[in-house]
Amino acid sequence: IVCFIGRSNVGKSSLIKALFSLAPEVEVRVSKKPGHTKKMNFFKVGKHFTVVDMPGYGYRAPEDFVDMVETYLKERRNLKRTFLLVDSVVGIQKTDNIAIEMCEEFALPYVIVLTKIDKSSKGHLLKQVLQIQKFVNTKTQGCFPQLFPVSAVAFSGIHLLRCFIASITGNLD
């Protein structure tokens, strides 16, 4: 199992749709409205593994969000990796820090994925990457040292992230 968490409208469903565009059994609905995903959505990828699309936190988050997500993250033994999505335009927000603290507290291996890189200027994106990389190196223990900048629209970085997921789930073949 791998799961995707992040603020409302950070692009979780869009990223999952882009990552698994070659897997017809993964049918992801994407909404223009933030806070559209209200429940955890589970997608089986062949016989190999399951992807979990979590509801967003922050704007229009379901009331039971913290309990639902916290319980899931704490008790899921076969969770291989948590992908924490951060909007590359705005960087790490207060609500992201709560998610980071949760991953650190439960000693969950997690990865920061920078989304919407097509919406940032190169200079701004570089500044965000350096800032977040410094944060990861100095303030986290369970975070994978490499960031994954992606764009679900332009498909930038999607292949690399796909390979990383295949590697951690043991599906490189």
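From a predicted model like this one, the values you see are computed outputs, not experimental measurements.

Procedures and definitions
Residues numbered from 1 in each chain as written. Predicted model: local features only at pLDDT ≥ 70, side-chain atom pairs only at ≥ 80, totals over all residues. Heavy atoms only, no water. Core = buried A, V, L, I, M, F, W, Y, C linked by side-chain atoms within 4.5 Å. Buried < 20%, exposed > 50% of the residue type's maximum accessible area, 1.4 Å probe, protein only. Helix = DSSP H or I, 4+ residues; strand = E, 2+ residues; numbered from the N terminus. Contact = heavy atoms within 4.5 Å. Salt bridge = Lys/Arg side-chain N within 4 Å of Asp/Glu carboxyl O.

Ranked by internal contacts, the top residues of the largest apolar core, which has 28 residues, are Met-54, Leu-73 and Ile-112. For this core, the secondary-structure elements that each account for two or more residues are strand S1 (2-6), helix H2 (65-75), strand S4 (81-87), helix H3 (94-105), strand S5 (110-115) and helix H4 (122-139). Among the elements that make up this core, the one with the highest residue count is H2 (five residues). With residues up to four places along the chain from it excluded, the contact list for Ile-112 reads Leu-84, Val-86, Ile-132, Val-136, Cys-143, Gln-146, Leu-147 and Phe-148. Core analysis: the next-biggest nonpolar cluster, separate from the first, contains 26 residues, Val-10, Ile-16, Phe-43 and Val-113 among them.

Right, let's talk about helix H1 (residues 12-19) for a bit. Of all eight residues in H1, six are buried, a share of seventy percent or more. Among the residues making up H1, those that are buried are Lys-12, Ser-13, Leu-15, Ile-16, Ala-18 and Leu-19. Here the buried face of H1 lies against S1, strand S2 (41-45), strand S3 (49-53), S4, S5 and helix H5 (158-168).

This part is about the pattern of salt bridges. Counted according to the given criterion, the structure contains three salt bridges. One salt bridge connects Asp-96 with Arg-7, and the closest N-O pair in it is separated by 3.8 Å. Note that Asp-96 is positioned in helix H3 and Arg-7 in the loop between S1 and H1, a separation of 89 residues in sequence. The salt bridge partner of Lys-116 is Asp-87, with a shortest N-O separation of 4.0 Å. You can see Lys-116 sitting in the loop between S5 and H4 and its partner Asp-87 sitting in strand S4, a full 29 residues away along the chain.

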